[in-house]
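# Notes for the structure review
Below are the chains, spelled out letter by letter.
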Amino acid sequence: MNIESEKSLKLFNSFGFDVSAEFFVSVSSVAELHEAICWSKQKSVATFILGGGSNIVFTRNVSGLVIHIAIKGIDAETDPRPADQIPLRVGAGEQWHALVATTLKLNYFGLENLALIPGSAGAAPIQNIGAYGVEIAERLNSVEVYSKATGDTLLLNAADCQFGYRHSIFKTAQGADYVVTAINLNLLTRDKPNTTYRALSDALTRKGYLRPTAQQVFDEVCAIRGEKLPDPQQIGNAGSFFKNPIIDRQQLDRLMENNPEIPHYPDKPGHFKVPAAWLIDQAGWKGHQIDNVGVHNAQALVLVNHGDGNGQQIAILANNIKKDILQRYGVLLEREPTLY
Ligand code: EPU
């Protein structure tokens, strides 16, 4: 185990913020993770678990030990397996998009809508990644975790994970003790993609695909994302910065009095999801730049680092947007990435 001191995290977070870790270690097995946790206990320093770094805003240097999860491995269980299904065990440190591409090459279907999402496989269940009509929760059998408190490994089934919209047990106080070490997916052998998301089905229809294949869905999702979402390698960002708010009928009626054209989608009974991007866009924030940070000019839900920006500037910008949206529309936006 190689513990480094004062390590820059610039290349380890998708905003590209140049903060440092007091101590840093990259672990490639559960045994190494255990060793790192024991080291932190011995030294009485805090730990910070880092995956792909695509859902974190560092506003300051990290004190204690940053443990970078680099546990690899993609293993399919081909025999025995349930009809039409392929159980797949994936190490938490695998890169998500590369995994999606690999499964398609193997003719294992079901992840195609989740193409081009940055981050690692282990982070996928934490915020229950979702895009274009599919959430990871629908494709998961179980999640393998390590308990920092006890040093034990546990298997949580999908119900244990308490999945919701961009939510899971891992975001609660109880789940904060767990480190995801592997995920167990359940993929399909039938090429029957989900095209229920309107923007996706419209794009596929325009291309003339009446019965699109998973590969065509994958390509189209990549094309749509490529147009709207900035590539973190070029412009630092953490994807959607706010969750889409879920409001009740009364709130929607009030909003529609002045904004009859507001998009809204039925959610849980009596509730509707409205796009935070629409609210932020209408309020005039799209393309707004202050200091070295701003709101992306093609997707108002994405905050970006134009170069030398820092996490504090992002936090201030996010607060200003939040205040403005609350004042204008009476809707409270909730942040998606974690703030440190
Ligand atoms: N819109 C605007 N202005 C904009 C962008 C969008 O008015 O600048 C409107 C669009 O017209 C559309 C609506 O907002 O009616 C929805 O836009 P879009 O389809 O782009 O999706 P989103 O609601 O903004 C969510 C997820 C994305 C995911 C897409 C596709 C959240 C917080 N975000 O975005 O997830 O890729 O749907 O499923 O749920 C992420 O979490 O990092 C992420 C990118």
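One can find the structure itself at the top, above this paragraph.
Before going into details, it helps to say that this report is about the structure given with it. Since the model is a prediction, treat every value here as computed from it, not as a measurement. Counting of residues starts from 1 at the beginning of each chain's written sequence and follows it residue by residue. With pLDDT at 70 or above as the cut-off, local features in this predicted model cover only qualifying residues; side-chain atom pairs require 80 or more to be listed or tallied, and sums for whole chains, interfaces and linings still use all residues. Water and hydrogen atoms play no part in the side-chain values, which are based on all heavy atoms of the structure.

## What to know about the sheet that holds strand S10 (residues 140–147)
- A strand pair is defined by DSSP finding two or more bridges across the two strands. Secondary structure counts use DSSP, requiring at least four H or I residues in a row for a helix and at least two E residues in a row for a strand, with both numbered from the N terminus. With antiparallel pairing, the 5 strands of this open sheet are ordered in space as S6-S7-S12-S10-S11. Each edge of the sheet is formed by a strand with only one pairing partner; in this case those strands are strand S6 (74–76) and strand S11 (153–157). With strand direction ignored, the average angle separating the axes of adjacent strands in the sheet is 20°.
- Where strand S7 (residues 85–91) meets strand S12 (residues 178–188), 7 bridges bridge the pair, whose relative direction is antiparallel. The residue of S12 that forms the bridge with glycine 91 is alanine 182.
- The sheet strands contacting helix H1 (residues 30–43) are S10, S11 and S12, and the helix crosses S10 at an angle near 35°. An axis is simply a line fitted to the C-alpha atoms; with a helix, the fit covers only the stretch in contact. Between two such axes, the angle follows the N-to-C directions and lies from 0 to 180 degrees. Residues are treated as being in contact if the distance between any of their heavy atoms lies within 4.5 Å.

## A word on the site of the ligand
- Near, as used in this document, describes a residue that has one of its heavy atoms within 4 Å of the molecule or strand being considered. Within the structure, the ligand sits among 24 residues, and Tyr132, Tyr165, Tyr197, Ser240 and Asp281 are positioned closest to it.
- Measuring from an oxygen atom of the ligand, one finds a backbone N or O atom of serine 240 at 2.8 Å.
- Contact distances for the ligand include 2.8 Å between an oxygen atom and a side-chain N or O atom of asparagine 244.
- A total of 830 Å² of accessible area belongs to the ligand in isolation, and the protein chains cover 84% of it.
- Breaking the shell around the ligand down by element, the ones donating at least two residues are strand S8 (130–131), helix H4 (214–228), strand S13 (236–240) and helix H6 (276–282).
- At 3 residues, H6 tops the list of elements feeding residues into the shell around the ligand.
- Residues that form the shell around the ligand fall into these classes: 12 nonpolar, 5 polar and 7 charged.
- How far each domain reaches was decided by an automatic or database domain assignment. Counting the residues that make up the shell around the ligand, at least three belong to each of domain 2 (74–188) and domain 3 (236–339). We define a polar contact as two N or O atoms separated by no more than 3.5 Å, with the added condition that, inside protein, one atom must be a possible hydrogen donor and the other a possible acceptor, whereas residues neighbouring each other in sequence contribute only through side-chain atom pairs. Throughout, the Shrake-Rupley method with a 1.4 Å probe supplies accessible areas, and for residues the shown protein chains are the sole cover considered. Put simply, Ala, Val, Leu, Ile, Met, Phe, Trp, Tyr, Cys and Pro go in the nonpolar bin, Asp, Glu, Lys and Arg in the charged bin, and everything else, Gly too, in the polar bin.

## A closer look at the sheet that holds strand S18 (residues 293–295)
- The sheet built from 4 strands is open, its strands ordered S13-S19-S18-S17 with antiparallel pairing. On the outer flanks of this sheet lie S13 and strand S17 (289–290), each paired with one strand and no other.
- Pairing between S17 and S18: 2 bridges, direction antiparallel. Paired with isoleucine 290 across the strands is valine 293, a residue of S18.
- Helix H7 (residues 311–329) contacts S17, S18 and strand S19 (302–305) of the sheet and is inclined by roughly 30° relative to S18.

## What about the nonpolar core?
- Here, nonpolar core means buried Ala, Val, Leu, Ile, Met, Phe, Trp, Tyr and Cys residues that are tied together by side-chain atoms lying within 4.5 Å of each other. Using a 1.4 Å probe on the protein chains alone, a residue whose accessible area is under 20% of its type maximum counts as buried, one over 50% counts as exposed, and one in between counts as partly exposed. Ranked by internal contacts, the top residues of the largest apolar core, which has 55 residues, are Ile67, Trp96, Phe170 and Leu185.
- Residues from two domains meet in this core; each of domain 1 (4–69) and domain 2 (74–188) gives at least three.
- With near-sequence residues (within four places) excluded, phenylalanine 170 lies in contact with Pro125, Ile126, Val143, Val145, Leu156, Cys161, Gly175, Ala176, Tyr178 and Val180.
- If you look at the next biggest cluster of nonpolar residues, it comprises 32 residues, including Ile262, Ala276, Leu303 and Ile325.

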